[in-house]
Amino acid sequence: MSLRLKILSVMALIAALMIAVSWILLQSLVVPGFEMLEAEEARRNLLRVEQALAAENEAFGRNANDWAKWDETAAFVTGALPEFPERNISAAVLRDMGVDVLLVVATDGSLLYGTSLDGDRLSEGVPAGLSREILPLAPADDAPDGTPGSIDGIVLSDRGPIIMAARAIQPTDRSGPALGTLVFGRVIDRETVAAVRRRVQIDVEFLFKDPATGAAFPEHGGHDHPLVLDRRDDVLVVTGMIDDMHGHHAMLARMTMPRDAALAAGRTVHLAMALLVVACGGALVILWLMLNRLILAPVLALTGHILSIRTTGDLARPGLVDRGDEIGALAREFDALLRQVESLIQESETARRSAEQASRTKTQFLASMSHELRTPLNAIIGFSEIIRDAMFGASSARYQDYAEDIHRSGQHLLALINDILDFSKAEAERIELHEEAVDLPRAVATCRHLVEPMARDGNIDIAVQFADRSVRLVWADELRLRQIILNLLTNAIKFTAPGGEVRIRVGRQADGGAEIRVEDNGIGMSPEGVAKALEPFGQIESALSRRHSGTGLGLPLTAHLVNAHGGRLVIESSLGWGTTVRVGLPPARLMDDRLTA
């Protein structure tokens with residue numbers, strides 16, 4: 001991921017976190033606050049409904065007061081006017097006053113007269129269940145100022161809640177004590193509900209039974225009735241309990257209120273979030289432009305300069321060194337680094353030329369020395385053979401032994417010189433391969449025959465195993481291939497103790513190419529020893545290696561010869577467990593596969 005995408009991702013993540021946190025805060029603070037306002041408004045509206053009922057009750061009580069302060073009513077209570085009901089009380093009169101129940105109660109609490117409006121006619125007596133709510137009321141003559149008082153409120157009956165107004169009965173001039181109590185009652189009906197709605201300007205209805213069970217409310221319900229708030233999409237349905245004057249559950253008031261505050265809160269939250277998103281987007285754009293101009297563009301310019309250096313090799317000075325900020329400091333440090341690199345390149349170029357000159361000088365020297373040394377060595381070897389074989393007559397046996405020593409030493413010295421010359425050519429990559437079809441089993445047998453005297457001297461067995469008989473002809477330089485096998489066998493014998501075994505195994509690799517494996521159960525090597533053995537003139541010091549002299553060029557030269565054939569040399573060794581050297585040739589060098597194809 002590029003730096004721009006990383007910065008943009010981080011900025012987008014920060015903006016998303018800010019928006020999410022803001023949304024959570026708004027939802028947890030603003031919306032609950034507006035919901036609390038809704039609950040408060042609901043409580044106030046329920047109080048207004050109760051006040052509207054009280055106002056209806058008070059208006060209803062004025063008629064009751066007029067009748068209670070009437071001389072004829074007072075005369076009826078005292079028994080002076082028994083025909084009062086027939087003369088003044090009729091269904092039409094009660095209907096005009098909106099009275100459903102009329103009671104006259106004596107001062108001792110006994111009922112003197114009672115009637116109720118049932119449609120278009122009057123029913124004698126008190127509605128069932130109403131007397132227990134009204135008759136226990138004491139006459140209202142104990143007001144603090146000595147004037148008869150009044151009682152207004154809601155009472156329960158079998159016909160449902162009734163608005164009741166009770167007034168003390170007195171003469172018109174209000175002289176003397178209360179003679180009794182006049183009670184007016186009105187059943188709460190649709191007209192009462194409509195009047196309440198007009199007063200509070202709210203859609204309200206009254207339920208006289210439990211909506212969940214359909215049963216009447218319990219007689220003693222107490223005064224703590226929590227509001228039930230049903231929040232819908234655009235309205236709030238509030239249900240609250242209204243008690244009668246005795247504290248009984250009288251009815252439920254269900255109000256439907258518009259959710260103006262909640263909708264305003266939702267619009268406020270959405271508007272705030274929209275503004276926040278726009279603000280965050282604008283801030284991101286501005287911040288992105290600033291970062292791109294102040295940081296990203298200079299960094300990309302510096303990166304482009306580095307890529308230009310890598311592709312063209314031109315160590316030109318970057319164009320940001322004059323800036324006074326951290327980018328400028330980075331450019332100046334990079335410029336200083338370029339100058340150091342340029343100086344190091346010049347120094348390395350000088351060193352490379354010197355090394356190449358030294359290598360050429362070394363190669364020329366080795367070639368010259370090898371030529372100069374091989375010429376007298378060949379003469380020494382030839383003359384030592386003549387003396388050893390007594391070609392011009394018999395000589396002393398001692399002289400023949402000396403000639404044999406001279407011949408063997410000359411041969412050894414010539415082999416060392418040839419190794420040095422071959423390795424010099426390998427390092428210079430000047431080894432020329434004279435490739436032909438080589439019989440690999442025959443080459444292995446020849447090399448085994450050549451090292452058998454050395455193996456017999458060390459009491460070491462040599463075993464040959466052909467794991468795959470189809471591996472026979474290979475396209476290679478036979479002389480170099482024998483040199484590879486001889487070097488590996490010589491090393492294996494050198495580092496194997498008397499009584500040990502060296503095994504040559506010829507087979508196939510996993511890729512189908514030929515593999516020559518030389519295994520021994522000798523002293524083995526550590527990983528550090530393997531690395532040292534592959535270095536030129538590197539020798540593993542041990543008691544076994546001291547039995548045979550050498551330059552330490554065998555394995556390095558073998559590795560070069562294997563590489564020249566396109567193969568690979570792998571050494572697997574462990575101290576005390578022997579060594580396995582695997583020479584793998586590519587499948588293309590197998591002549592048997594070519595012929596069958």
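Residues numbered from 1 in each chain as written. Predicted model: local features only at pLDDT ≥ 70, side-chain atom pairs only at ≥ 80, totals over all residues. Heavy atoms only, no water.

**Q** How would you explain the overall build of the protein chain if you had to name every residue and give the values?
**A** Regarding its fold elements, the protein chain presents 14 helices and 17 strands. In the protein chain, which comprises 597 residues, the share counted as buried stands at 38%. Long-range contacts, defined as pairs at least 24 residues apart, comprise 64% of the intrachain contacts of the protein chain with a sequence gap of at least 6. Carbon and sulfur atoms form 57% of the exposed surface of the protein chain, whose accessible area is close to 33100 Å². (Helix = DSSP H or I, 4+ residues; strand = E, 2+ residues; numbered from the N terminus. Buried < 20%, exposed > 50% of the residue type's maximum accessible area, 1.4 Å probe, protein only. Contact = heavy atoms within 4.5 Å. Areas by Shrake-Rupley, 256 points an atom, 1.4 Å probe, with all protein chains shown as cover.)

**Q** Any chance you could break down the packing of aromatic side chains for me, citing the residues and the numbers?
**A** Inspection of the entire model under this criterion finds seven aromatic pairs. Relative to W70, the ring of W67 lies with its centre 5.5 Å away and its plane at 75°, an arrangement referred to as edge-to-face. The class for W67 is buried, based on a relative accessible area of 13%. With 6.2 Å between their ring centres and 90° between their planes, F76 and Y113 make a pair best called edge-to-face. With F76 in helix α2 (residues 71–78) and Y113 in strand β2 (residues 111–118), this residue pair connects regions lying 37 residues apart in the sequence. The pair F76 / Y113 is uniform in exposure class, with both members buried. (Phe/Tyr/Trp six-rings, centres within 6.5 Å; stacked < 30°, edge-to-face > 60°.)

**Q** Describe unusual backbone geometry, and please don't skip the residues or the numbers.
**A** For R174, which is not a glycine, the phi torsion comes out positive at approximately 60°. Here R174 lies in the loop between β5 (162–169) and β6 (180–187). Located in the positive-phi region is N459, a residue other than glycine, with phi close to 55°. Positionally, N459 belongs in the loop between α10 (440–457) and β12 (461–466).

**Q** Mind laying out the sheet that holds strand β4 (residues 150–155), listing which residues take part and the relevant values?
**A** Taking strand neighbours across the sheet as the criterion, the six strands line up as β3-β2-β1-β6-β5-β4 in an open arrangement whose pairing is antiparallel. A single partner strand is all that each edge strand has here, and the edge strands are β3 (121–124) and β4. The mean inter-strand angle of the sheet, taken between neighbouring strand axes irrespective of direction, is 20°. Strand direction decides the pairing type here: β2 and β3, joined by four bridges, are antiparallel. Paired with T115 across the strands is E124, a residue of β3. Against the sheet, α2 contacts β1 (101–106), β2, β5 and β6, and its axis sits at roughly 80° relative to β5. (Pairing = 2+ DSSP bridges. Axes fitted to C-alpha atoms, helices over the stretch in contact; angles between N-to-C directions.)

**Q** Which residues make up helix α6 (residues 190–200), and what values do they have?
**A** Where α6 is concerned, the buried positions are T192, V193, A195, V196 and V200. Taken around the axis of α6, the buried residues stretch over an arc of 160°, which confines them to a single face. Exposed side of α6, more than 90 degrees from the buried face: R190, E191 and R198 are the residues found there. At the C-terminal side of α6, Q201 shows a positive phi close to 60°. (Arc of directions from axis to C-beta.)

**Q** Run through the sheet that holds β12, naming residues and quoting values.
**A** If you walk across this open sheet you meet the five strands as β12-β14-β15-β17-β16, and the pairing is mixed. Edge positions in the sheet fall to β12 and β16 (568–574), since each of these pairs with one other strand and no more. Sheet twist, expressed as the average angle between the axes of neighbouring strands with direction ignored, equals 15°. Docked against the sheet, α10 engages β12, β14 (501–508) and β15 (514–520), running at close to 170° with respect to β12. Sheet contacts for helix α13 (residues 554–564): β16 and β17 (578–584); angle to β16, the most-contacted strand, approximately 145°.

**Q** So what's going on with the pattern of salt bridges? Which residues, and what values?
**A** Side-chain pairs of opposite charge can arise whenever the charged atoms involved come near each other. Evaluation of the coordinates by the stated rule reveals 27 salt bridges. We note a salt bridge from D152 to R167, for which the minimum N-O separation is 2.8 Å. Highlighted residues: D152 in strand β4 and R167 in strand β5, separated in sequence by 15 residues. Residue D152 is classed as partly exposed on the basis of its relative accessible area of 34%. Here E452 ties to R448 by a salt bridge, and the two come within 3.5 Å at their closest N and O atoms. In this pair, E452 and R448 are both assigned in helix α10, four residues apart and thus about one turn of the helix distant. The exposure class of R448 is partly exposed, given its relative accessible area of 29%. Through salt bridges with shared partners, a single ionic network connects E515, R517, E519, E572 and R582. (Salt bridge = Lys/Arg side-chain N within 4 Å of Asp/Glu carboxyl O.)

**Q** Help me get a handle on the nonpolar core, residues and values and all.
**A** Counting residues in hydrophobic clusters, the biggest one holds 44 residues, and the most contacted among them are V49, F184, F206 and I242. If you tally residues by element for this core, the top one is helix α1 (residues 3–68), at nine residues. In contact with F184, not counting residues within four places along its chain, are F60, N63, A64, W67, M97, V99, V101, L102, I163, M164 and A165. Judged by nonpolar contacts, the second largest core, of 40 residues, contains A455, I493, A514 and I571. (Core = buried A, V, L, I, M, F, W, Y, C linked by side-chain atoms within 4.5 Å.)

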